[in-house]
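In case you want the letters, here they are:
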Amino acid sequence: YKCGCEVIYVNPVLRNQIFHSNLYNENSYTEVMKSKANFRLDTLRFKYGLQLIKTKLKKKRVLDIGCGFGFFLDEARKQGWDVYGSEINKECIKILNKKNISCINFDEENPIKFDLITLWTVFEHIINPNNFFAKVSRMLKKNGKILINIPNVNSLSARIMHSECSMFHGHQHLNFYSPKTLTKFLRINGFKIKILETVISDIDTVRNHMSFQLPY
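Rules used in this analysis
- Residues numbered from 1 in each chain as written.
- Predicted model: local features only at pLDDT ≥ 70, side-chain atom pairs only at ≥ 80, totals over all residues.
- Heavy atoms only, no water.
- Buried < 20%, exposed > 50% of the residue type's maximum accessible area, 1.4 Å probe, protein only.
- Helix = DSSP H or I, 4+ residues; strand = E, 2+ residues; numbered from the N terminus.
- Arc of directions from axis to C-beta.
- Contact = heavy atoms within 4.5 Å.
- Core = buried A, V, L, I, M, F, W, Y, C linked by side-chain atoms within 4.5 Å.
- Axes fitted to C-alpha atoms, helices over the stretch in contact; angles between N-to-C directions.
- Parallel < 35°, antiparallel > 145°, perpendicular 65-115°, else oblique.
- Left-handed = near helix turned anticlockwise from the far one by under 90°.
- Nonpolar A, V, L, I, M, F, W, Y, C, P; charged D, E, K, R; others polar.
- Patch = residues over 30% accessible without salt bridge, like charges linked within 9 Å, V, L, I, M, F, W, Y side chains within 5 Å.
- Areas by Shrake-Rupley, 256 points an atom, 1.4 Å probe, with all protein chains shown as cover.
- Salt bridge = Lys/Arg side-chain N within 4 Å of Asp/Glu carboxyl O.
- Pairing = 2+ DSSP bridges.
- Right-handed = clockwise from strand over helix to strand, strands pointing away.
- Polar contact = N/O pair within 3.5 Å; in protein donor to acceptor, adjacent residues only side chain to side chain.
- Phe/Tyr/Trp six-rings, centres within 6.5 Å; stacked < 30°, edge-to-face > 60°.

Caption draft 1: Helix α6 (residues 129-139), seen in detail. Every buried residue of α6 is accounted for by P129, F132, F133, K135, V136 and M139. Buried residues in α6, looked at end-on, bunch into an arc of 160°, giving them a common side. On the buried face of α6, the contacting elements are β2 (60-65), β5 (114-120), β6 (140-149), β7 (175-176) and α8 (179-188).

Caption draft 2: Local environment of the nonpolar core. Judged by nonpolar contacts, the single largest core of 24 residues is most densely connected at I65, I117, F132 and V136. Of all elements in the fold, only β2, β5, α6, β6 and α8 reach the threshold of two or more residues within this core. Listed in part, the 15 residues of the second largest apolar core include F46, W81, L96 and L116.

Caption draft 3: Summary view of the packing of α6 against α8. Their axes nearest at 10 Å, the elements α6 and α8 cross at an angle of 50°. On the basis of their axis angle, the class for α6 and α8 is oblique. You can see that α6 and α8 cross each other, and the crossing is right-handed. Between α6 and α8, the contacting residues are P129, N130 and F133 on the first element and F185, L186 and I188 on the second. Taken together, the residues of the contact of α6 with α8 break down into five nonpolar, one polar and no charged.

Caption draft 4: View of a nonpolar patch on the surface. On the surface, a cluster of nonpolar side chains totalling about 320 Å² of accessible area is made up of L41, Y48, V199 and I200. Looking at the secondary structure, you find V199 in the loop between α8 and α9 (203-210).

Caption draft 5: Looking closely at the pairing of β6. Relative to β6, β5 runs parallel, the two sharing six bridges. By the bridge assignment, F114 is partnered in β6 with L140. This β-α-β element, β5 to α6 to β6, shows right-handed connectivity.

Caption draft 6: Molecular detail of the environment of E109. Looking at the secondary structure, you find E109 in the loop between β4 (102-103) and β5. A C-alpha to C-alpha distance of 11 Å links E109 and V136, two positions 27 residues apart in sequence. There is a polar contact of 3.5 Å between the side chain of E109 and the side chain of R138.

Caption draft 7: Focus on unusual backbone geometry. Each neighbour pair has its own omega, and for N11 with P12 the value is 0°, a cis peptide bond. Mapped onto the elements, P12 comes out in the loop between β1 (8-9) and α1 (16-25). Even without being a glycine, E6 presents a positive backbone phi close to 80°. The topology assignment puts E6 in the segment before β1. Given a relative accessible area of 34%, E6 falls into the partly exposed group. A positive phi angle, near 60°, is found at N100, a position not held by glycine. Residue position: N100 is located in the loop between α5 (90-98) and β4.

Caption draft 8: The arrangement of the sheet that holds β6 in detail. Reading across from one edge, β4-β3-β2-β5-β6 is the order of the five strands in this open sheet, with parallel pairing throughout. Looking at the sheet topology across the chains shown, the edges are occupied by β4 and β6. Sheet topology note: the strand β3 (residues 81-86)/β4 ladder contains two bridges and is parallel. Among the inter-strand pairings, Y84 is bridged to a residue of β4, identified as S102. Sitting on the sheet, helix α3 (residues 36-52) is in contact with β3, β5 and β6, with an inclination near 145° to β5. Against the sheet, helix α4 (residues 71-78) makes contact with β2, β3 and β5, and its axis sits at roughly 165° relative to β3, the strand it touches most.

Caption draft 9: View of the packing of aromatic side chains. A complete count under the given rule lists 15 aromatic pairs for this structure. Judged by centre distance (5.4 Å) and plane angle (45°), the rings of F72 and W120 are tilted. Of this pair, F72 sits in helix α4 while W120 is found in strand β5, placing the two residues 48 residues apart along the sequence. When sorted by exposure, F72 lands in the same class as W120, which is buried.

Structure (structure tokens):
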């Protein structure tokens, strides 16, 4: 569905307990995260994202929400960040514990404040973005920053491929944003936009699709 504010969303959605149970036990995407090609691409994204967060802080603390196996936090730790993760997938949590990455429950009040909160392809899974941003605001230090990486519903692949575009995963991807609607949500919730850009091209995916091949 598309509402008057131009956000595209899934309706109805799975009940919370089923949705969280799926994420807790999910193992297909965890295999994708571990693949060499995906790991290589993610590493490039993570390094670039950290370059954008210009800070002179000697002690800097980051929380990665939906952190998976902690690959972003591995890179952040190398660059001097004190790292924390929030994750509900049981396989990922085992790996995070082995890496000594502190895990916090995002749904519970926590006294720790962060200089940076990151969401790498997570925000599209959030059913109530305003409530979510209110909680993120409480967890940020004064002048803290958030870094969000999400699919763009106005991307070339979404416009050409429609339902065959991988972002339209109706079980887990619940809300779909354009730069305009994401900016609107952030401003409503008291954030200022520092940088907004597209970092991955869809051209190869679209070329495959238009050549009657599997797009991915």
